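Tertiary structure, described
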Amino acid sequence: MSGNVSQDRSNRRAIDPVTANVIQGALENIAVEMGYKLMRMSYSSIIRESEDFGAAIIDIQGRQLCESKQSTPLQSGPIPGYVKGMNQLFEERGDVLRPGDVIIHNSAYHGASHGPDVAFIVPVFVEGDKLVGYSVTTAHHLDIGALSPGSCGIVDAMDAYAEGLQFKALKAYDRGVKNEALWCILRDNIRASDLVVGDMEAQVAASRIGADRFLELIERYDLETVEAASDALMDYSERLMRQAIQELPDGSYSAIGHLDGFLDDPQRRDFQIAVTVTVTGSDLIVDLTGTADQCDDRPINMPLEGTVDCAIWLTLRSILLDSSVYGSIPQNSGLVRPIKIVAPVGCLANPIFPAPTIARFAPGNIVADTLMKALAEAVPTLVGAGVGNLKVVAFSGIKGEQHWVHMEIHEGSYGGRYGKDGMDAVDTLYANTRNNPIEDIESHTPLRVTRYELRDDAAADACVRALTVGARHELMHVGGGVAAIETGRVRVDATGSQAVQLCDALLDEVVFGRWVLGSVHVVNAIPEFLVRPCLSGRE
(Lines give C-alpha, C1' and ligand atoms only; values in the text may rest on other atoms or scores of the structure.)
Protein backbone atom coordinates (compact mmCIF):
# COMPACT_ATOMS: atom_id res chain seq x y z
CA MET A 1 0.00 0.00 0.00
CA SER A 2 2.85 2.40 0.76
CA GLY A 3 3.84 4.43 -2.23
CA ASN A 4 0.52 4.10 -4.02
CA VAL A 5 0.21 6.48 -6.95
CA SER A 6 -2.89 7.97 -8.47
CA GLN A 7 -4.72 5.49 -10.64
CA ASP A 8 -6.00 6.36 -14.11
CA ARG A 9 -9.61 7.27 -13.44
CA SER A 10 -10.06 9.53 -16.46
CA ASN A 11 -13.38 7.87 -17.39
CA ARG A 12 -14.94 8.31 -13.99
CA ARG A 13 -18.02 10.38 -13.40
CA ALA A 14 -17.53 14.04 -12.46
CA ILE A 15 -19.16 15.17 -9.22
CA ASP A 16 -19.87 18.62 -7.81
CA PRO A 17 -17.93 19.60 -4.66
CA VAL A 18 -21.05 20.14 -2.56
CA THR A 19 -22.28 16.59 -3.07
CA ALA A 20 -18.76 15.26 -2.49
CA ASN A 21 -18.54 17.09 0.84
CA VAL A 22 -21.97 15.90 1.93
CA ILE A 23 -20.92 12.32 1.21
CA GLN A 24 -17.63 12.91 3.03
CA GLY A 25 -19.56 13.97 6.13
CA ALA A 26 -21.81 10.94 5.84
CA LEU A 27 -18.82 8.59 5.54
CA GLU A 28 -17.09 10.15 8.54
CA ASN A 29 -20.27 9.84 10.60
CA ILE A 30 -20.47 6.13 9.73
CA ALA A 31 -16.96 5.54 11.08
CA VAL A 32 -17.58 7.64 14.18
CA GLU A 33 -20.81 5.75 14.91
CA MET A 34 -18.96 2.45 14.52
CA GLY A 35 -16.37 3.66 17.01
CA TYR A 36 -18.83 4.85 19.62
CA LYS A 37 -20.95 1.72 19.35
CA LEU A 38 -17.82 -0.42 19.78
CA MET A 39 -16.76 1.56 22.86
CA ARG A 40 -20.17 1.30 24.48
CA MET A 41 -20.55 -2.43 23.81
CA SER A 42 -17.02 -3.44 24.89
CA TYR A 43 -16.18 -5.13 28.18
CA SER A 44 -12.51 -4.22 28.67
CA SER A 45 -11.16 -0.79 29.55
CA ILE A 46 -8.46 -0.94 26.85
CA ILE A 47 -11.27 -0.42 24.31
CA ARG A 48 -13.97 1.22 26.43
CA GLU A 49 -11.70 3.81 28.13
CA SER A 50 -8.31 3.83 26.42
CA GLU A 51 -9.96 3.77 22.97
CA ASP A 52 -7.33 1.41 21.56
CA PHE A 53 -9.42 0.50 18.53
CA GLY A 54 -10.00 1.42 14.90
CA ALA A 55 -12.99 1.64 12.60
CA ALA A 56 -13.06 2.36 8.87
CA ILE A 57 -14.86 1.82 5.58
CA ILE A 58 -12.74 0.42 2.74
CA ASP A 59 -13.73 0.45 -0.93
CA ILE A 60 -13.50 -2.40 -3.43
CA GLN A 61 -9.99 -1.29 -4.43
CA GLY A 62 -8.76 -1.55 -0.83
CA ARG A 63 -8.66 2.22 -0.31
CA GLN A 64 -9.68 3.74 2.99
CA LEU A 65 -12.67 6.08 2.60
CA CYS A 66 -12.95 7.23 6.22
CA GLU A 67 -11.92 6.35 9.75
CA SER A 68 -13.22 6.84 13.25
CA LYS A 69 -11.77 10.08 14.62
CA GLN A 70 -11.76 8.86 18.21
CA SER A 71 -9.71 5.77 17.36
CA THR A 72 -5.92 5.53 17.38
CA PRO A 73 -3.76 5.94 14.25
CA LEU A 74 -2.04 2.64 14.97
CA GLN A 75 -5.42 0.90 14.77
CA SER A 76 -7.21 2.72 11.94
CA GLY A 77 -4.10 3.25 9.80
CA PRO A 78 -3.42 -0.46 9.14
CA ILE A 79 -7.02 -1.31 8.16
CA PRO A 80 -6.42 -1.18 4.37
CA GLY A 81 -3.52 -3.58 4.99
CA TYR A 82 -5.78 -5.98 6.89
CA VAL A 83 -8.13 -6.05 3.89
CA LYS A 84 -5.24 -6.50 1.48
CA GLY A 85 -3.86 -9.37 3.58
CA MET A 86 -7.28 -11.01 3.83
CA ASN A 87 -7.73 -10.89 0.05
CA GLN A 88 -4.24 -12.30 -0.47
CA LEU A 89 -4.94 -15.25 1.85
CA PHE A 90 -8.36 -15.87 0.28
CA GLU A 91 -6.79 -15.95 -3.17
CA GLU A 92 -4.09 -18.38 -2.03
CA ARG A 93 -6.72 -20.71 -0.55
CA GLY A 94 -9.22 -20.32 -3.36
CA ASP A 95 -11.78 -19.03 -0.86
CA VAL A 96 -14.52 -16.49 -1.66
CA LEU A 97 -16.47 -13.86 0.26
CA ARG A 98 -20.24 -14.16 0.43
CA PRO A 99 -23.02 -12.06 1.93
CA GLY A 100 -23.25 -12.70 5.68
CA ASP A 101 -19.54 -13.51 6.09
CA VAL A 102 -17.52 -12.00 8.94
CA ILE A 103 -13.75 -12.46 8.78
CA ILE A 104 -11.40 -12.52 11.78
CA HIS A 105 -7.82 -11.55 10.94
CA ASN A 106 -4.69 -10.67 12.94
CA SER A 107 -1.66 -11.86 10.96
CA ALA A 108 1.23 -9.42 11.40
CA TYR A 109 2.61 -10.64 8.08
CA HIS A 110 -0.64 -9.91 6.28
CA GLY A 111 -1.36 -6.31 7.25
CA ALA A 112 -1.97 -6.42 11.01
CA SER A 113 -0.02 -4.18 13.36
CA HIS A 114 0.64 -7.14 15.70
CA GLY A 115 -1.22 -10.22 16.90
CA PRO A 116 -3.31 -8.66 19.73
CA ASP A 117 -4.82 -6.16 17.27
CA VAL A 118 -7.60 -8.29 15.83
CA ALA A 119 -9.78 -7.16 12.93
CA PHE A 120 -13.32 -8.19 12.09
CA ILE A 121 -14.13 -7.53 8.45
CA VAL A 122 -17.66 -7.45 7.06
CA PRO A 123 -17.87 -7.44 3.25
CA VAL A 124 -20.58 -5.15 1.87
CA PHE A 125 -22.71 -6.38 -1.04
CA VAL A 126 -25.38 -4.74 -3.19
CA GLU A 127 -27.77 -6.38 -5.65
CA GLY A 128 -27.32 -9.68 -3.87
CA ASP A 129 -23.73 -10.60 -4.63
CA LYS A 130 -21.91 -7.50 -5.94
CA LEU A 131 -19.06 -6.65 -3.57
CA VAL A 132 -18.70 -2.88 -3.09
CA GLY A 133 -16.50 -2.52 0.00
CA TYR A 134 -15.72 -3.57 3.55
CA SER A 135 -16.70 -2.40 7.02
CA VAL A 136 -13.85 -3.07 9.45
CA THR A 137 -13.11 -2.70 13.13
CA THR A 138 -9.82 -3.46 14.86
CA ALA A 139 -9.08 -3.53 18.58
CA HIS A 140 -6.31 -4.42 20.99
CA HIS A 141 -7.34 -7.43 23.05
CA LEU A 142 -6.26 -8.13 26.61
CA ASP A 143 -5.02 -11.63 25.85
CA ILE A 144 -4.53 -13.63 22.69
CA GLY A 145 -3.23 -16.90 24.13
CA ALA A 146 0.48 -16.08 24.24
CA LEU A 147 3.08 -17.67 26.48
CA SER A 148 2.35 -15.28 29.38
CA PRO A 149 -0.81 -13.44 30.49
CA GLY A 150 -1.73 -10.17 28.84
CA SER A 151 -0.96 -8.85 25.39
CA CYS A 152 2.04 -6.66 26.12
CA GLY A 153 5.35 -7.22 27.85
CA ILE A 154 5.67 -10.64 26.19
CA VAL A 155 9.32 -9.89 25.63
CA ASP A 156 10.53 -13.49 25.63
CA ALA A 157 8.47 -14.65 22.65
CA MET A 158 10.95 -16.46 20.41
CA ASP A 159 8.76 -16.54 17.28
CA ALA A 160 5.32 -15.63 15.98
CA TYR A 161 3.83 -18.83 17.37
CA ALA A 162 4.78 -17.91 20.94
CA GLU A 163 2.89 -14.62 20.60
CA GLY A 164 -0.54 -16.20 20.64
CA LEU A 165 -3.27 -17.40 18.32
CA GLN A 166 -2.97 -16.48 14.64
CA PHE A 167 -6.16 -15.88 12.70
CA LYS A 168 -5.27 -15.71 9.04
CA ALA A 169 -8.49 -14.47 7.45
CA LEU A 170 -10.83 -17.06 8.94
CA LYS A 171 -14.61 -16.94 8.74
CA ALA A 172 -16.07 -16.18 12.17
CA TYR A 173 -19.45 -16.21 10.42
CA ASP A 174 -20.02 -18.08 7.17
CA ARG A 175 -23.00 -16.73 5.19
CA GLY A 176 -24.51 -15.51 8.45
CA VAL A 177 -23.96 -18.76 10.38
CA LYS A 178 -21.68 -18.55 13.40
CA ASN A 179 -18.57 -20.74 13.18
CA GLU A 180 -19.06 -22.32 16.60
CA ALA A 181 -15.83 -24.36 16.43
CA LEU A 182 -13.74 -21.22 15.94
CA TRP A 183 -15.46 -19.41 18.82
CA CYS A 184 -14.90 -22.45 21.04
CA ILE A 185 -11.20 -22.34 20.21
CA LEU A 186 -11.18 -18.68 21.21
CA ARG A 187 -12.87 -19.30 24.56
CA ASP A 188 -10.71 -22.31 25.40
CA ASN A 189 -7.33 -20.78 24.52
CA ILE A 190 -7.52 -17.19 25.71
CA ARG A 191 -7.25 -15.94 29.29
CA ALA A 192 -10.08 -13.74 30.59
CA SER A 193 -12.09 -15.12 27.70
CA ASP A 194 -15.37 -13.56 28.84
CA LEU A 195 -13.85 -10.11 28.42
CA VAL A 196 -11.95 -10.88 25.23
CA VAL A 197 -14.71 -12.77 23.44
CA GLY A 198 -17.22 -10.15 24.58
CA ASP A 199 -15.04 -7.45 23.01
CA MET A 200 -14.79 -9.47 19.81
CA GLU A 201 -18.56 -9.86 19.62
CA ALA A 202 -18.82 -6.09 20.08
CA GLN A 203 -16.49 -5.67 17.11
CA VAL A 204 -18.66 -7.91 14.96
CA ALA A 205 -21.73 -5.86 15.87
CA ALA A 206 -19.97 -2.54 15.19
CA SER A 207 -18.66 -3.78 11.83
CA ARG A 208 -22.16 -4.87 10.85
CA ILE A 209 -23.51 -1.44 11.82
CA GLY A 210 -20.91 0.15 9.54
CA ALA A 211 -21.91 -2.15 6.69
CA ASP A 212 -25.58 -1.28 7.15
CA ARG A 213 -24.88 2.46 7.18
CA PHE A 214 -22.67 2.21 4.08
CA LEU A 215 -25.48 0.40 2.26
CA GLU A 216 -27.93 3.10 3.32
CA LEU A 217 -25.58 5.74 1.90
CA ILE A 218 -25.32 3.87 -1.41
CA GLU A 219 -29.09 3.44 -1.56
CA ARG A 220 -29.57 7.16 -0.98
CA TYR A 221 -27.10 8.47 -3.55
CA ASP A 222 -26.45 5.36 -5.74
CA LEU A 223 -23.15 3.50 -6.00
CA GLU A 224 -21.76 5.52 -8.90
CA THR A 225 -22.20 8.79 -7.02
CA VAL A 226 -20.60 7.47 -3.83
CA GLU A 227 -17.63 6.10 -5.81
CA ALA A 228 -17.22 9.40 -7.69
CA ALA A 229 -17.31 11.36 -4.43
CA SER A 230 -14.77 9.00 -2.88
CA ASP A 231 -12.42 9.46 -5.83
CA ALA A 232 -12.78 13.24 -5.62
CA LEU A 233 -12.12 13.27 -1.88
CA MET A 234 -9.01 11.12 -2.23
CA ASP A 235 -7.73 13.36 -5.02
CA TYR A 236 -8.28 16.37 -2.76
CA SER A 237 -6.34 14.78 0.11
CA GLU A 238 -3.56 13.83 -2.30
CA ARG A 239 -3.34 17.39 -3.63
CA LEU A 240 -3.01 18.78 -0.12
CA MET A 241 -0.19 16.37 0.71
CA ARG A 242 1.61 17.03 -2.58
CA GLN A 243 1.37 20.78 -2.08
CA ALA A 244 2.85 20.41 1.41
CA ILE A 245 5.69 18.22 0.12
CA GLN A 246 6.42 20.69 -2.68
CA GLU A 247 7.05 23.39 -0.10
CA LEU A 248 9.98 21.32 1.25
CA PRO A 249 13.39 22.00 -0.29
CA ASP A 250 14.37 19.22 -2.72
CA GLY A 251 17.13 17.04 -1.33
CA SER A 252 17.92 14.19 1.06
CA TYR A 253 17.76 14.44 4.84
CA SER A 254 19.04 11.72 7.14
CA ALA A 255 19.01 10.82 10.83
CA ILE A 256 19.93 7.90 13.05
CA GLY A 257 17.88 6.63 15.96
CA HIS A 258 18.61 3.99 18.57
CA LEU A 259 16.51 1.25 20.13
CA ASP A 260 17.60 -0.02 23.55
CA GLY A 261 16.62 -3.62 22.95
CA PHE A 262 17.51 -5.96 25.83
CA LEU A 263 20.08 -4.19 27.97
CA ASP A 264 21.27 -7.33 29.75
CA ASP A 265 22.02 -9.11 26.45
CA PRO A 266 24.94 -7.79 24.36
CA GLN A 267 23.62 -9.64 21.29
CA ARG A 268 20.16 -8.10 21.48
CA ARG A 269 20.64 -4.45 22.35
CA ASP A 270 21.58 -1.13 20.77
CA PHE A 271 19.73 -1.51 17.47
CA GLN A 272 20.13 1.24 14.91
CA ILE A 273 17.17 2.82 13.11
CA ALA A 274 18.25 4.73 10.00
CA VAL A 275 15.99 7.12 8.08
CA THR A 276 16.70 9.04 4.88
CA VAL A 277 14.01 11.31 3.47
CA THR A 278 14.33 12.27 -0.19
CA VAL A 279 12.15 15.07 -1.55
CA THR A 280 11.73 15.48 -5.30
CA GLY A 281 9.03 17.93 -6.25
CA SER A 282 5.77 16.59 -4.81
CA ASP A 283 7.08 13.07 -4.21
CA LEU A 284 8.68 11.90 -1.00
CA ILE A 285 10.64 8.72 -0.27
CA VAL A 286 11.37 7.46 3.24
CA ASP A 287 14.24 4.96 3.06
CA LEU A 288 15.12 2.83 6.10
CA THR A 289 18.23 1.30 4.55
CA GLY A 290 20.87 1.04 7.26
CA THR A 291 18.40 -0.09 9.90
CA ALA A 292 19.64 -3.04 11.98
CA ASP A 293 18.85 -6.59 10.95
CA GLN A 294 15.77 -8.24 12.42
CA CYS A 295 16.00 -9.87 15.83
CA ASP A 296 15.12 -13.47 15.01
CA ASP A 297 14.06 -14.60 18.47
CA ARG A 298 12.79 -11.51 20.31
CA PRO A 299 9.57 -9.59 19.52
CA ILE A 300 10.98 -6.13 18.78
CA ASN A 301 10.59 -6.42 15.01
CA MET A 302 8.06 -4.22 13.22
CA PRO A 303 5.66 -5.24 10.44
CA LEU A 304 6.32 -3.00 7.44
CA GLU A 305 2.59 -2.93 6.70
CA GLY A 306 0.75 -2.20 9.90
CA THR A 307 3.40 -0.49 12.05
CA VAL A 308 6.25 1.09 10.07
CA ASP A 309 4.03 2.57 7.37
CA CYS A 310 1.59 4.00 9.93
CA ALA A 311 4.39 5.54 12.01
CA ILE A 312 5.72 7.25 8.87
CA TRP A 313 2.37 8.38 7.45
CA LEU A 314 1.13 9.77 10.75
CA THR A 315 4.38 11.66 11.40
CA LEU A 316 4.36 13.22 7.93
CA ARG A 317 0.66 14.03 8.17
CA SER A 318 1.14 15.71 11.56
CA ILE A 319 4.14 17.79 10.49
CA LEU A 320 3.18 18.75 6.94
CA LEU A 321 -0.61 19.08 7.35
CA ASP A 322 -0.94 20.31 10.93
CA SER A 323 -4.64 20.40 11.79
CA SER A 324 -4.18 23.72 13.62
CA VAL A 325 -3.30 25.23 10.22
CA TYR A 326 -5.24 23.11 7.72
CA GLY A 327 -8.28 22.24 9.80
CA SER A 328 -10.22 19.06 9.06
CA ILE A 329 -8.84 17.07 6.13
CA PRO A 330 -10.50 13.97 4.66
CA GLN A 331 -8.58 11.11 6.24
CA ASN A 332 -8.31 8.63 3.41
CA SER A 333 -5.82 6.76 1.25
CA GLY A 334 -5.21 9.81 -0.95
CA LEU A 335 -2.89 11.19 1.73
CA VAL A 336 -0.34 8.40 1.26
CA ARG A 337 -0.15 8.35 -2.55
CA PRO A 338 2.83 10.75 -2.77
CA ILE A 339 4.81 8.76 -0.17
CA LYS A 340 7.01 5.76 -0.89
CA ILE A 341 8.54 3.65 1.86
CA VAL A 342 11.67 1.56 1.35
CA ALA A 343 12.82 -0.99 3.94
CA PRO A 344 15.26 -3.81 3.19
CA VAL A 345 13.77 -7.27 3.63
CA GLY A 346 15.11 -8.84 6.81
CA CYS A 347 15.68 -5.64 8.77
CA LEU A 348 13.86 -4.64 11.97
CA ALA A 349 11.41 -2.62 9.86
CA ASN A 350 10.62 -5.42 7.38
CA PRO A 351 11.14 -8.77 9.12
CA ILE A 352 10.73 -12.25 7.65
CA PHE A 353 8.19 -14.66 9.13
CA PRO A 354 8.23 -16.13 11.78
CA ALA A 355 10.23 -13.35 13.49
CA PRO A 356 8.14 -12.17 16.47
CA THR A 357 6.59 -8.68 16.41
CA ILE A 358 4.32 -8.33 19.44
CA ALA A 359 6.50 -5.64 21.13
CA ARG A 360 6.71 -3.55 17.96
CA PHE A 361 5.52 -0.38 19.70
CA ALA A 362 8.87 0.85 21.07
CA PRO A 363 10.83 0.46 17.80
CA GLY A 364 7.93 1.97 15.84
CA ASN A 365 8.10 5.00 18.08
CA ILE A 366 11.82 5.31 17.32
CA VAL A 367 11.03 5.23 13.58
CA ALA A 368 8.59 8.13 14.04
CA ASP A 369 11.07 10.11 16.14
CA THR A 370 13.98 9.50 13.77
CA LEU A 371 11.86 10.59 10.81
CA MET A 372 11.03 13.78 12.70
CA LYS A 373 14.71 14.31 13.43
CA ALA A 374 15.55 13.93 9.73
CA LEU A 375 12.84 16.41 8.72
CA ALA A 376 14.24 18.92 11.21
CA GLU A 377 16.92 19.67 8.63
CA ALA A 378 14.26 20.75 6.14
CA VAL A 379 11.57 22.27 8.38
CA PRO A 380 13.11 22.96 11.81
CA THR A 381 10.14 25.08 12.97
CA LEU A 382 7.57 22.35 12.34
CA VAL A 383 8.98 19.43 14.32
CA GLY A 384 9.03 18.63 18.01
CA ALA A 385 12.04 17.80 20.19
CA GLY A 386 11.21 14.11 20.36
CA VAL A 387 8.76 11.83 22.12
CA GLY A 388 9.38 10.12 25.45
CA ASN A 389 8.43 6.50 25.09
CA LEU A 390 5.67 5.22 27.32
CA LYS A 391 5.35 2.05 29.35
CA VAL A 392 2.66 -0.54 28.74
CA VAL A 393 1.91 -2.82 31.68
CA ALA A 394 -0.25 -5.93 31.69
CA PHE A 395 -1.51 -6.81 35.17
CA SER A 396 -2.98 -10.26 35.64
CA GLY A 397 -3.86 -12.88 38.20
CA ILE A 398 -6.13 -15.84 38.87
CA LYS A 399 -9.31 -15.74 40.90
CA GLY A 400 -10.66 -19.24 41.35
CA GLU A 401 -10.24 -20.86 37.95
CA GLN A 402 -10.50 -17.63 36.00
CA HIS A 403 -7.81 -15.22 34.90
CA TRP A 404 -8.27 -11.51 35.22
CA VAL A 405 -6.21 -9.22 32.99
CA HIS A 406 -5.87 -5.45 32.97
CA MET A 407 -3.74 -3.32 30.66
CA GLU A 408 -2.40 0.10 31.63
CA ILE A 409 -0.75 2.60 29.30
CA HIS A 410 1.56 4.89 31.28
CA GLU A 411 2.10 8.13 29.43
CA GLY A 412 5.34 9.76 28.41
CA SER A 413 5.28 13.22 26.82
CA TYR A 414 6.20 15.28 23.75
CA GLY A 415 9.27 17.48 23.49
CA GLY A 416 9.10 21.23 23.01
CA ARG A 417 7.98 22.73 19.71
CA TYR A 418 8.93 25.95 17.97
CA GLY A 419 7.63 28.73 20.20
CA LYS A 420 5.55 26.32 22.27
CA ASP A 421 5.98 24.15 25.33
CA GLY A 422 6.12 20.41 25.02
CA MET A 423 3.02 18.49 26.09
CA ASP A 424 3.03 16.67 29.40
CA ALA A 425 1.83 13.13 30.10
CA VAL A 426 0.39 12.21 26.72
CA ASP A 427 0.56 9.08 24.67
CA THR A 428 3.06 8.97 21.85
CA LEU A 429 2.23 10.36 18.44
CA TYR A 430 1.10 7.32 16.48
CA ALA A 431 -0.76 5.61 19.33
CA ASN A 432 -2.77 8.43 20.95
CA THR A 433 -4.69 6.33 23.45
CA ARG A 434 -6.30 7.68 26.63
CA ASN A 435 -5.47 6.88 30.22
CA ASN A 436 -7.75 4.75 32.38
CA PRO A 437 -9.73 6.63 35.07
CA ILE A 438 -8.83 5.60 38.60
CA GLU A 439 -12.48 4.83 39.36
CA ASP A 440 -12.64 2.39 36.47
CA ILE A 441 -9.41 0.62 37.49
CA GLU A 442 -10.50 0.15 41.09
CA SER A 443 -14.06 -0.92 40.30
CA HIS A 444 -13.06 -3.62 37.80
CA THR A 445 -9.71 -4.98 39.06
CA PRO A 446 -8.03 -5.92 42.37
CA LEU A 447 -5.75 -2.89 42.01
CA ARG A 448 -5.71 0.26 44.12
CA VAL A 449 -4.21 3.48 42.81
CA THR A 450 -2.40 5.25 45.65
CA ARG A 451 -0.80 7.97 43.55
CA TYR A 452 -1.31 9.36 40.04
CA GLU A 453 0.18 12.72 39.22
CA LEU A 454 2.53 14.63 36.98
CA ARG A 455 6.14 14.30 37.97
CA ASP A 456 7.44 17.52 39.49
CA ASP A 457 11.14 16.86 39.14
CA ALA A 458 11.70 16.68 35.40
CA ALA A 459 10.73 19.86 33.55
CA ALA A 460 13.47 22.08 32.22
CA ASP A 461 13.54 25.63 33.60
CA ALA A 462 13.15 27.68 30.44
CA CYS A 463 10.72 30.02 28.70
CA VAL A 464 9.82 27.17 26.39
CA ARG A 465 10.16 23.75 27.96
CA ALA A 466 11.97 21.47 25.55
CA LEU A 467 11.96 18.74 28.17
CA THR A 468 8.58 17.77 29.51
CA VAL A 469 7.22 15.53 32.21
CA GLY A 470 5.59 12.18 32.29
CA ALA A 471 3.22 10.90 34.95
CA ARG A 472 3.93 9.14 38.23
CA HIS A 473 1.83 6.07 38.93
CA GLU A 474 1.74 4.10 42.16
CA LEU A 475 -0.54 1.10 42.35
CA MET A 476 -1.21 -1.40 45.09
CA HIS A 477 -2.26 -4.94 44.32
CA VAL A 478 -4.75 -6.54 46.68
CA GLY A 479 -3.78 -10.20 46.40
CA GLY A 480 -1.32 -12.13 44.25
CA GLY A 481 -0.65 -11.46 40.60
CA VAL A 482 1.82 -10.67 37.87
CA ALA A 483 2.80 -7.56 35.91
CA ALA A 484 4.53 -7.71 32.55
CA ILE A 485 6.16 -4.51 31.31
CA GLU A 486 7.04 -3.28 27.85
CA THR A 487 9.04 -0.09 27.52
CA GLY A 488 11.95 1.61 25.77
CA ARG A 489 14.39 4.49 26.07
CA VAL A 490 15.81 3.27 29.34
CA ARG A 491 19.37 3.78 28.14
CA VAL A 492 19.07 6.14 25.17
CA ASP A 493 16.82 9.19 25.28
CA ALA A 494 14.88 10.90 22.50
CA THR A 495 17.92 12.77 21.22
CA GLY A 496 20.01 9.61 20.92
CA SER A 497 22.30 10.56 23.82
CA GLN A 498 22.99 8.51 26.91
CA ALA A 499 20.11 8.65 29.34
CA VAL A 500 20.55 10.96 32.31
CA GLN A 501 19.59 8.33 34.84
CA LEU A 502 19.85 4.60 34.42
CA CYS A 503 17.71 1.97 36.02
CA ASP A 504 19.56 -0.32 38.37
CA ALA A 505 17.48 -3.09 36.85
CA LEU A 506 14.50 -3.34 34.56
CA LEU A 507 12.37 -6.32 35.49
CA ASP A 508 10.26 -7.68 32.65
CA GLU A 509 8.06 -9.56 35.09
CA VAL A 510 7.15 -8.87 38.69
CA VAL A 511 5.39 -11.23 41.07
CA PHE A 512 3.28 -9.27 43.53
CA GLY A 513 3.66 -10.18 47.16
CA ARG A 514 7.27 -11.29 46.73
CA TRP A 515 9.04 -8.10 45.83
CA VAL A 516 8.44 -4.55 44.76
CA LEU A 517 9.30 -3.17 41.37
CA GLY A 518 11.13 -0.06 42.42
CA SER A 519 10.52 3.28 40.82
CA VAL A 520 11.54 3.13 37.17
CA HIS A 521 12.89 6.67 37.04
CA VAL A 522 14.76 7.12 33.80
CA VAL A 523 14.70 10.32 31.76
CA ASN A 524 12.64 13.46 31.69
CA ALA A 525 9.89 12.38 29.33
CA ILE A 526 9.55 8.84 30.67
CA PRO A 527 6.74 7.95 33.06
CA GLU A 528 7.61 6.79 36.55
CA PHE A 529 6.00 3.56 37.64
CA LEU A 530 5.81 2.00 41.07
CA VAL A 531 3.97 -1.11 42.21
CA ARG A 532 3.59 -2.14 45.83
CA PRO A 533 2.27 -5.50 47.02
CA CYS A 534 -0.36 -5.78 49.70
CA LEU A 535 0.94 -8.73 51.72
CA SER A 536 -2.02 -8.90 54.05
CA GLY A 537 -4.55 -8.89 51.26
CA ARG A 538 -5.96 -5.63 52.60
CA GLU A 539 -5.30 -2.01 51.63
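Please refer to the structure higher up on the page.
In this report, the structure presented in the accompanying data block is examined. (Residues numbered from 1 in each chain as written. Predicted model: local features only at pLDDT ≥ 70, side-chain atom pairs only at ≥ 80, totals over all residues. Heavy atoms only, no water.)

1. Considering the overall build of the chain
Rule in force here: Under the DSSP-based scheme used, a helix requires at least four consecutive residues in state H or I and a strand at least two consecutive residues in state E, with every element numbered from the N terminus. Working rule for contacts: check all heavy atoms of both residues, and any pair within 4.5 Å makes them a contact. Here, Shrake-Rupley sampling with a 1.4 Å probe gives the accessible areas, and only protein chains in the shown set may cover a residue.
When you go through the chain residue by residue, the secondary structure sums to 11 helices and 18 strands. Taking all contacts inside the chain whose residues are at least 6 apart in sequence as the whole, residues at least 24 apart take part in 70%. Carbon together with sulfur atoms contributes 50% to the accessible area of the chain, which is approximately 21100 Å² in total.

2. A look at the nonpolar core
Using the following cut-off: To form a nonpolar core, buried Ala, Val, Leu, Ile, Met, Phe, Trp, Tyr and Cys residues must be joined to one another through side-chain atoms within 4.5 Å. We call a residue buried when its accessible area falls under 20% of the maximum for its residue type, exposed when it is over 50%, and partly exposed in between, using a 1.4 Å probe and counting protein chains only.
Within the largest apolar cluster, 54 residues are counted, with the highest numbers of intra-cluster contacts made by I104, F120, W183, L186, M200 and F214. The residues contacting F120, other than those within four sequence positions of it, are V102, I103, I104, S135, V136, T137, A172, W183, M200, Q203, V204 and S207.

3. Quick notes on the sheet that holds strand β9 (residues 269-280)
This is how the line gets drawn: The rule for pairing is simple: two strands pair if DSSP sees at least two bridges between them. The axes used here are C-alpha line fits, helices contributing only the stretch in contact, and every angle between their N-to-C directions lies in the interval 0 to 180 degrees.
One open sheet holds the 4 strands; their spatial order is β8-β9-β10-β11, and the pairing between them is mixed. The outermost strands of the open sheet, each flanked by one partner alone, are β8 (251-261) and β11 (339-342). On average, adjacent strands in this sheet sit at an angle of 15° to one another, irrespective of strand direction. Here strand β10 (residues 283-287) runs beside β11; their pairing, made up of 4 bridges, is parallel. Along β11, the bridge assignment pairs I285 with K340. Strands in contact with helix α8 (residues 304-320) are β10 and β11; relative to β11, the strand with the most contacts, it is inclined by about 135°.

4. Quick notes on the packing of α8 against helix α10 (residues 361-375)
Basically, it comes down to this: By convention the crossing between two helices is left-handed if the near helix lies anticlockwise of the far one by an angle smaller than a right angle, and right-handed if it lies clockwise. All residues other than Ala, Val, Leu, Ile, Met, Phe, Trp, Tyr, Cys, Pro, Asp, Glu, Lys and Arg, Gly among them, are scored as polar; the first ten of these are nonpolar and the last four charged.
Packing of α8 against α10 leaves a shortest axis separation of 9 Å and a crossing angle of 40°. Read as a crossing pair, α8 and α10 show a hand that is right-handed. Across the interface between the two elements, T307, A311, I312, T315, L316 and I319 from α8 touch G364, V367, A368, L371, M372 and L375 from α10. Classifying every residue of the contact of α8 with α10 by side-chain character gives 9 nonpolar, 3 polar and no charged.

5. Some points on the sheet that holds strand β7 (residues 177-178)
Read from one edge to the other, the open sheet built from 7 strands follows the order β2-β1-β5-β4-β3-β6-β7, with strand pairing classed as antiparallel. On the outer flanks of this sheet lie β2 (64-67) and β7, each paired with one strand and no other. Judged from the 3 bridges that link them, strand β1 (residues 53-59) and β2 form a sheet pairing that is antiparallel. The residue bridging I58 from the neighbouring strand is Q64, located in β2. Against the sheet, helix α5 (residues 180-189) touches β3 (102-105), β4 (117-126), β6 (170-174) and β7, its axis set at about 120° to β6. Strands in contact with helix α6 (residues 193-221) are β1, β2, β3, β4, β5 (130-140), β6 and β7; relative to β4, the strand with the most contacts, it is inclined by about 30°.

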